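Results of the structural survey
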Amino acid sequence: MNTVAIIVTIIAGLVGLAGLLIPDLRDRIAAIELRRKYDWDHVRKRISKAKYRVWILQTWIPYPRQDRAVWEPLLRSTRIDFRVLLIDQDLVKFRLAYRRDKMAAGRAHEENPLQFKLLIDDLVKVDAPGRLEIRRYNCLPFGPIYIIDNQIYWGLYYIHMDALSGPAFRCMIKSKLGKIIFDSYEQAWSQSASELATHDT
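First, a word on what this report is: a plain description of the structure on this page. It should be emphasised that the depicted structure is a prediction, and the values quoted were computed from it without experimental measurement.

**Observations regarding the packing of helix α4 (residues 64–77) against helix α6 (residues 102–125)**
Between α4 and α6, whose axes approach to 10 Å, the crossing angle comes to 20°. Relative to α6, the element α4 is oriented roughly parallel. Judged by the sense of rotation from one axis to the other, the crossing of α4 with α6 is right-handed. Only A108, E111, N112, Q115, F116, L118, L119, D122 and L123 of α6 make contact with α4, whose side of the interface consists of P64, R65, R68, W71, E72, L75 and R76. Looking at side-chain class alone, the contact of α4 with α6 contains eight nonpolar, two polar and six charged residues.

This is the structure we're talking about:
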């Protein structure tokens, strides 16, 4: 056995021993994946391939027309639980107060209700199997959340810029952090008022 093989064997043994001593070691190490900047196209692709759940928390959807083009085919073809949790209208002015891109962000926010109404009307007309519901939160979330099936993509809200300009993180729902974020979303959803929906609950 050469030196490299011996080293590999020793490392493998140490990792195995650590796994026995710390049962959730893998969960701790693999709990978070960091991307230096939001890979928006990647998140959109994951949404388009979702099988049973898409839960979103945002202040507002930054690109409502583009996102509608991704959401609609999914909702028309899949019996999916699609939830969108957006900031209460009374809080928008505070979120925009220090933004460098205040005008562009304001336009996106104003376009959201129109795009959602058009989308839901179209889905109702064809009796689409997917269920889309929009609610408004009045709490203070830490950042945007995208729960897609068993994965969570999340970011951070900043005073002066869009969250999508900062880093993005990914974790599994089953991880300790994932459970916290998932429970936080459910809590905010349960206490938020429904604005639009394709089907009754």
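**Some remarks on the layout of surface pockets**
Roughly 280 Å³ of internal volume is contained in the largest pocket. As for the largest pocket, its lining consists of 13 residues, and the residues nearest its centre are I87, L91, F94, R95 and L140. Taken together, the residues of the lining of the largest pocket break down into 11 nonpolar, one polar and one charged. In this structure, the second largest pocket spans a volume of roughly 170 Å³. Lining the second largest pocket we find W60, P62, Y63, R99, D101, A104, A105, R107, A108, D162, L164 and S165. Broken down by class, the residue content of the lining of the second largest pocket amounts to seven nonpolar, one polar and four charged.

**Remarks on the pattern of salt bridges**
For the structure on display, the rule yields 10 salt bridges. One salt bridge connects E111 with R65, and the closest N-O pair in it is separated by 2.4 Å. Of this pair, E111 sits in helix α6 while R65 sits in helix α4, and the two are 46 residues apart along the sequence. The class of E111 is partly exposed, set by a relative accessible area of 22%. Among the ionic contacts, a cluster of salt bridges with common partners joins R68, E72, R76 and D122.

Cut-offs and rules
Residues numbered from 1 in each chain as written. Predicted model: local features only at pLDDT ≥ 70, side-chain atom pairs only at ≥ 80, totals over all residues. Heavy atoms only, no water. Axes fitted to C-alpha atoms, helices over the stretch in contact; angles between N-to-C directions. Helix = DSSP H or I, 4+ residues; strand = E, 2+ residues; numbered from the N terminus. Parallel < 35°, antiparallel > 145°, perpendicular 65-115°, else oblique. Left-handed = near helix turned anticlockwise from the far one by under 90°. Contact = heavy atoms within 4.5 Å. Nonpolar A, V, L, I, M, F, W, Y, C, P; charged D, E, K, R; others polar. 1 Å grid on protein atoms, 1.4 Å probe; cavity = no way out; pocket = protein on both sides within 12 Å on 5 of 7 lines; lining within 4 Å. Points joined across faces, edges and corners; volume = space filled by probe spheres on them. Salt bridge = Lys/Arg side-chain N within 4 Å of Asp/Glu carboxyl O. Buried < 20%, exposed > 50% of the residue type's maximum accessible area, 1.4 Å probe, protein only.

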